[in-house]
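Breakdown of the fold
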Amino acid sequence: DFANSYIEQGLSIIPIKIIPKNGKKEVILPDNWPNIGRTKTVSSWSSNIAILTGHGNRHNICVLDVDSPDHGSNKENGVNGLESIEKWQKEHGAFPDTRIAETPTGGRHYYFKVPQDTHIKKKAGILPGVDVQADRSCIIAPPSVYNSKRYKWINNAKIADANDSVLDLMRLNQKGRDEEVSS
């Protein structure tokens, strides 16, 4: 099943609840969630799922969370993270082929392995419509469901090592990366 396949890949997972609240998505995490990620086989899994990011997993997975123009307030303000990512790659170099999930609103989650000695902070808005999920964070993963729509994998690529283009983007506008990060 999907939960055990994530564990077999060296990823730490947690159960989550996703509920609509005031026109937005609210993710409810378990108490003490950074310290309870499952890393051993589970017999059954019946809830939505998130993967711990940054140093919360064996491979230091960090995720570029790219919003589509249909995501939340992007409809009103014209933000398109997909265009931001495309422009970044044209100017700074292409990303390596990596595992990508599609969100219920058509956004993308690009998964990358970051060197173990590299600490990336979770940060919103590194580019218009682009966030990074990293140390002390998590990312909603397939096959989670929100508003009757599923998160889904759009390719079967392995999670790639982040190249300079990816690392430069993840570090954009970050200061004091070695400081404690709030959740």
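Up top you'll find the structure we're talking about.
In every chain, residue numbers begin from 1 and rise along the written sequence. With pLDDT at 70 or above as the cut-off, local features in this predicted model cover only qualifying residues; side-chain atom pairs require 80 or more to be listed or tallied, and sums for whole chains, interfaces and linings still use all residues. With hydrogens and water stripped out, all remaining heavy atoms of the structure feed into the side-chain values.

Moving on, we come to helix H4 (residues 164-171). Within H4, burial applies to Ser165, Val166, Leu167, Leu169 and Met170. Residues of H4 that are buried sit in contact with strand S4 (61-66), helix H3 (81-92), strand S6 (108-113), strand S7 (123-127) and strand S8 (130-133). Polar contact is defined as a pair of N or O atoms within 3.5 Å, subject to the rule that within protein one atom must be able to donate a hydrogen and the other to accept it, and that residues adjacent in sequence are counted only when both atoms are side-chain atoms. Numbering of helices and strands runs from the N terminus, with a helix taken as a DSSP run of H or I at least four residues long and a strand as a DSSP run of E at least two residues long. Of the residues that open H4, the one with a side-chain oxygen 3.2 Å from the backbone nitrogen of Ser165 is Asn163. Asn173 occupies a position one or two residues after H4 and carries a positive phi of about 60°. The classification of residues rests on relative accessible area computed with a 1.4 Å probe and restricted to protein chains. Under 20% of the type maximum is buried, over 50% is exposed, and intermediate values are partly exposed. Residues are treated as being in contact if the distance between any of their heavy atoms lies within 4.5 Å.

Let's shift gears to empty space enclosed by the protein. A cavity here means a set of 1 Å grid points, computed over protein atoms only, where a 1.4 Å probe fits but cannot escape. A pocket is an open set with protein on both sides within 12 Å along at least 5 of 7 lines, and lining residues have an atom within 4 Å of a point. Grid points are joined across faces, edges and corners, and a volume is the space filled by probe spheres set on the points. If you walk through the whole model with that rule in mind, you get one cavity of 30 Å³ or more. Of the volumes computed, that of the largest cavity is approximately 30 Å³. Along its surface, the largest cavity is lined by Tyr6, Gln9, Leu11, Ile51, Arg99, Tyr111, Trp153 and Ile159. When residues are sorted by character, Ala, Val, Leu, Ile, Met, Phe, Trp, Tyr, Cys and Pro go into the nonpolar class, Asp, Glu, Lys and Arg into the charged class, and all the rest, Gly among them, into the polar class. Among the residues forming the lining of the largest cavity, the class breakdown is six nonpolar, one polar and one charged.

With 21 residues, the main nonpolar core has Leu64, Ile85, Phe95, Tyr110, Phe112, Leu169 and Met170 as its most contacted residues. Among the secondary structure elements, those contributing two or more residues to this core are S4, H3, S6, S7, S8 and H4. The element best represented in this core is H4, accounting for four residues. In this description, a nonpolar core means a group of buried Ala, Val, Leu, Ile, Met, Phe, Trp, Tyr and Cys residues linked to one another through side-chain atoms lying within 4.5 Å. Counting residues in hydrophobic clusters, the runner-up holds 16 residues, among them Ala3, Ile49, Tyr111 and Ile139.

A few words on the packing of aromatic side chains. In summary, the pairing rule links any two rings of Phe, Tyr or Trp, Trp by its six-membered ring, whose centres are within 6.5 Å, and it sorts them by plane angle into stacked for under 30 degrees, edge-to-face for over 60 and tilted for everything else. In the structure shown here, the tally under the stated rule is five aromatic pairs. On the basis of an interplanar angle of 70° and a centroid distance of 6.5 Å, the ring pair of Phe2 and Tyr6 is categorised as edge-to-face. Taken as a pair, Phe2 and Tyr6 lie in helix H1 (residues 2-8) at a separation of four residues, close to a single helical turn. Relative accessible area serves as the criterion here: at 3%, Tyr6 is assigned to the buried category. Where Tyr6 meets Trp153, the ring centres are 6.2 Å apart and the plane angle is 75°; that geometry is what we call edge-to-face. With Tyr6 in helix H1 and Trp153 in strand S12 (residues 152-153), the pair connects residues that are 147 residues apart, well separated along the chain. What makes Trp153 partly exposed here is its relative accessible area of 23%. Aromatic ring contacts, followed pair by pair, group Phe2, Tyr6, Tyr111 and Trp153 into a single cluster. Lysine NZ or arginine CZ positioned within 6 Å of the ring centre and within 35 degrees of the ring normal marks a charge as sitting over the ring. Here the guanidinium or amino end of Lys25 rests over the ring plane of Tyr146, the centre of that ring lying 5.9 Å away. The ring of Trp153 carries Arg99 above its face, with NZ or CZ at 4.0 Å from the centroid.

Let us look at H3. One turn of an α-helix holds 3.6 residues; hence residues three or four places apart share an orientation. To estimate how far a helix should reach, multiply one less than its number of residues by 1.5 Å. Compared with the 16 Å implied by 1.5 Å per residue over 12 residues, the 16 Å span of H3 between its first and last C-alpha is a close match. Those residues of H3 that fall on the buried side of the exposure criterion are Gly81, Ser84, Ile85 and Trp88. All buried residues of H3 lie within an arc of 95° about the axis, which places them on one face of the element. Exposed and oriented more than 90 degrees from the buried face of H3 are Glu83, Lys87 and Lys90. At its buried positions, H3 is contacted by S4, S6, S7, S8 and H4. At the N-terminal end of H3, a side-chain oxygen is found 2.9 Å from the backbone nitrogen of Leu82, two or three residues along, and the residue is Asn80. Two residues or fewer after H3 comes Gly93, characterised by a positive phi angle close to 110°. The arc in question is formed by the directions pointing from the helix axis toward the C-beta atoms.

One face of the sheet, then the other: side chains in a regular strand alternate in exactly this way. When DSSP finds two or more bridges between a pair of strands, those strands are recorded as paired. Sheet topology note: the strand S1 (residues 13-21)/strand S3 (residues 48-53) ladder contains four bridges and is antiparallel. In the strand pairing of S3, Pro15 is matched with Ile49. Two strands pair when backbone bridges link them, and S1 and strand S2 (residues 24-28) are joined in this way by five bridges, in the antiparallel orientation. Residue pairing for S2: Ile18 is matched across the bridge by Val27.

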